[in-house]
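So the chains spell out like this:
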Amino acid sequence: MDSISMSVVSTLKPPTAITVAVVAVSLITGYFGFRIFRFMKHRASLRQKVSNRQAEREKNFEAVKRLAEKVGVDAVRREAIIRMTPDELRTALRQREVKCQEVLAAYVQTALAVNERLNCVTLFVLEAFDRALELDNNATDNTYDFPNMFGIPISIKESVQVRGYDQTLGYASEIGNKADDNSKVINLLLDQGFIPFALTNVPLSLLSFGCKNPIYGTTLNPFNPNRTCGGSSGGEGALIGGGGSIVGIGGDVGGSIRIPAHFSGICGIKPSHLRMTTNGLRGSIPGRPLVNASEGPMATTVDMCAKVLQGLFVKKMSKMDPYVPPVPFADDLYNSTVPLKIGYYVDDGYFPASVPVARAVEEAAEALRKKGHEVIRFQPPRIPEVFGLYFSALFIDGGCYISDRLSGDLFDPHHLQIILMPYLPKWLFAPLLNRFGPKAEPMTHVLGRTLSEQRKVYAAIEGYRHEFVKVLQSNGFDAILCPPNAGPAYEHGLPDQLAPTISYTAIFNLLDYAAGVVQYSFVNDDDIANNADFKETDHFTKILKRSISTSKGLPLGVQVAAPPYSEEVVLRVMRIIEEARDGH
Ligand SMILES: CCCCCCCC/C=C\CCCCCCCC(=O)NCC(=O)O
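Residues numbered from 1 in each chain as written. Predicted model: local features only at pLDDT ≥ 70, side-chain atom pairs only at ≥ 80, totals over all residues.

As annotated in an unreviewed UniProt entry, the chain carries the name fatty acid amide hydrolase and comes from Panagrellus redivivus. In its Sequence similarities (unreviewed entry) section, UniProt records this for the chain: "Belongs to the amidase family." (UniProt positions renumbered as here; feature names shortened; annotations may be inferred.)

Next comes the structure, spelled out in structure tokens:
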């Protein structure tokens, strides 16, 4: 070192502790300040996207209103169209007593009114009017071969790919990412003559059985606005239950078709995912091999659900998506009159069903007996244990994917429990949840695990599938009857506190069975009185009991399930229950 450098170094004093502290604090504050600034800026840009979308939505509603008015259906004719049963409407359309454009206009106008009340439509499919015109033109040709569902308007859950529309799943960051193609299911529906006309609301991320997101807001229950319509296909439940659509398409990985059907007083079926293409369905967590979402119909009548599956379970589905085996819809099974043997339960041994829900299942069991079927009580094996396997398989990566998606978007405070999930150590997380009692235990299985532990989870699920089949086969059961959830529609916000109540639906996603729900009864005064005897054993049953006390008048569905490739049997049992309900 030369003499000049030596003298410079000798004049430098060592930094004092205060200087070091000041520099460290400034760096840390700067770092976190920058992160917070970036976070706030990102949120502000997402909020801007949301307000742009809300303006677009208003314009979309105005545009569809004008298109419907242009068709010119007066109030009397509209009422006559809306009052037709699905079968009457099919016949009227084929016999050209009503035009496709008139039916579409009548349903658009009714859906707009229902939406005013329930906030269930995200956007209308404006191209539906061109399609209706095209179908009306086709029908002027005497040689035209009418497709089975000629001119029937169908609503679609927002997460299903429809060309030219985005599937946001409630994420503001997805606004504007428009699909450049239809999902395979949409193309098959178009082949059938359906007219997709409205897209319906979902909860943020789809991982909820409520229905609220920061873009489109909260969807309300058609029977009581203080209650949720269910989710995640909640917009479908509300729109169909409210009379603004007769049939729609939902998706289900834990009850998302069946719970809104139950809460909103309609019917719906989740096919086994083995039999249904998922090409073009945006699921909540992609890449889950054993617990996978299925698209399926929701409708005002069971037969309409059957007609949708008749049109989807065709050879063409396997041609479009070679991963789906060609198993055409078996009309003979659906229309069979052979007496059935059905196993039923009202308590899965994990979460007892509330008084009204248990009553509805008991009454449906009795109705089936009266129709000549054998209905026997049985206990599904080991639900408290296997429900934990469901959470492991649902959150396959310990919640990393969903935590990233939510934290980068406009989440609600209650989402923090999911966002923080991958970062909480097991020793803290499990006791935190277990403080709510044994019903919280299965949820502790959401946490990350090693590959070797994950393999054991999958082996256990496969083992359970065989065990369950053995129970059905040894009893000779053709189908199962049980509750669709422990309670009827809950107050808004409660689904996020009552995840354990989905044990009744999630089990059939774990088993990958076909499972459907049909409305059978309504909560009555006796149910409310008998609710006083319902045992409050923990945090969750306490919430449930309180919610039941003000649930009078809400619809009650019952669930029917059967092994994969038995959708026809499930639909048949659902139809028998529906006929009994309607006094046939
Ligand atoms: C610190 C507390 C952590 C609590 C962890 C709770 C984990 C439970 C979170 C969510 C429950 C999941 C409910 C799923 C409902 C069914 C939704 C559905 O079928 N969605 C369709 C789809 O995803 O495609």
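**Q** Go over the UniProt feature "domain: Amidase" (unreviewed entry) in the chain with me, naming the residues and quoting the values.
**A** The UniProt entry lists residues 102-571 under the feature "domain: Amidase" (unreviewed entry), expressed in the numbering used here. Regarding residues 102-571, the helix share stands at 37% and the strand share at 14%, and the terminal C-alpha atoms are separated by 31 Å. (Helix = DSSP H or I, 4+ residues; strand = E, 2+ residues; numbered from the N terminus.)

**Q** Report on the UniProt feature "active site" (unreviewed entry) in the chain, specifying residues and quantitative values.
**A** UniProt's feature table lists "active site" (unreviewed entry) at K157, S232 and S256, given in the numbering used throughout. These annotated residues cover 100 residues of sequence, and their C-alpha atoms all fall within 10.6 Å of one another, placing them together at a single site. For K157, the location among the structural elements is in strand 2 (residues 153-157). Residue classification places K157 among the buried residues on the basis of 32 C-beta atoms within 10 Å. The residues contacting K157, other than those within four sequence positions of it, are T200, V202, S233, G235, E236, I249, G250 and G251. Mapped onto the fold, S232 is located in the loop between strand 5 (217-218) and helix 8 (234-241). The exposure class assigned to S232 is buried, which follows from the 37 C-beta atoms found within 10 Å. Contact partners of S232, with chain neighbours within four places excluded, come to V202, P203, L206, S208, F209 and S256. (Buried ≥ 20, exposed ≤ 12 C-beta atoms within 10 Å, placed from the backbone. Contact = placed C-beta atoms within 7 Å.)

**Q** Go over the confidence of the model for the chain with me, naming the residues and quoting the values.
**A** Within the chain, residue pLDDT values average 95, and 98% of them lie at 70 or more. Element-level mean pLDDT values for the chain span from 57 in helix 1 (residues 3-11) up to 99 in strand 13 (residues 555-562). Interface confidence for the predicted complex, expressed as ipTM, amounts to 0.96; the pTM equals 0.95. (pLDDT = per-residue confidence, 0-100.)

**Q** Residue-level account of helix 6 (residues 128-138), with values.
**A** Among the residues making up helix 6, those that are buried are A128, F129, R131, A132 and L135. Buried residues of helix 6, viewed axially, fall in a sector of 160°; they line one side. Seen from the open side of helix 6, the exposed residues pointing more than 90 degrees away from its buried face are D130, E134 and N137. Check the buried side of helix 6 and you find it contacts helix 2 (17-71), helix 5 (100-118) and strand 3 (195-200). (Arc of directions from axis to C-beta.)

**Q** I'd love a proper account of the pairing of strand 11 (residues 479-482), names of residues and values included.
**A** Both faces of strand 11 are covered, namely the face carrying A479 and L481 and the face carrying I480 and C482. In the sheet, strand 9 (residues 341-344) pairs with strand 11 via 3 bridges, with the strands oriented parallel. Each residue of the ladder has a partner; that of Y344, found in strand 11, is L481. Strand direction decides the pairing type here: strand 11 and strand 13, joined by 3 bridges, are antiparallel. Each residue of the ladder has a partner; that of I480, found in strand 13, is A561. (Pairing = 2+ DSSP bridges.)

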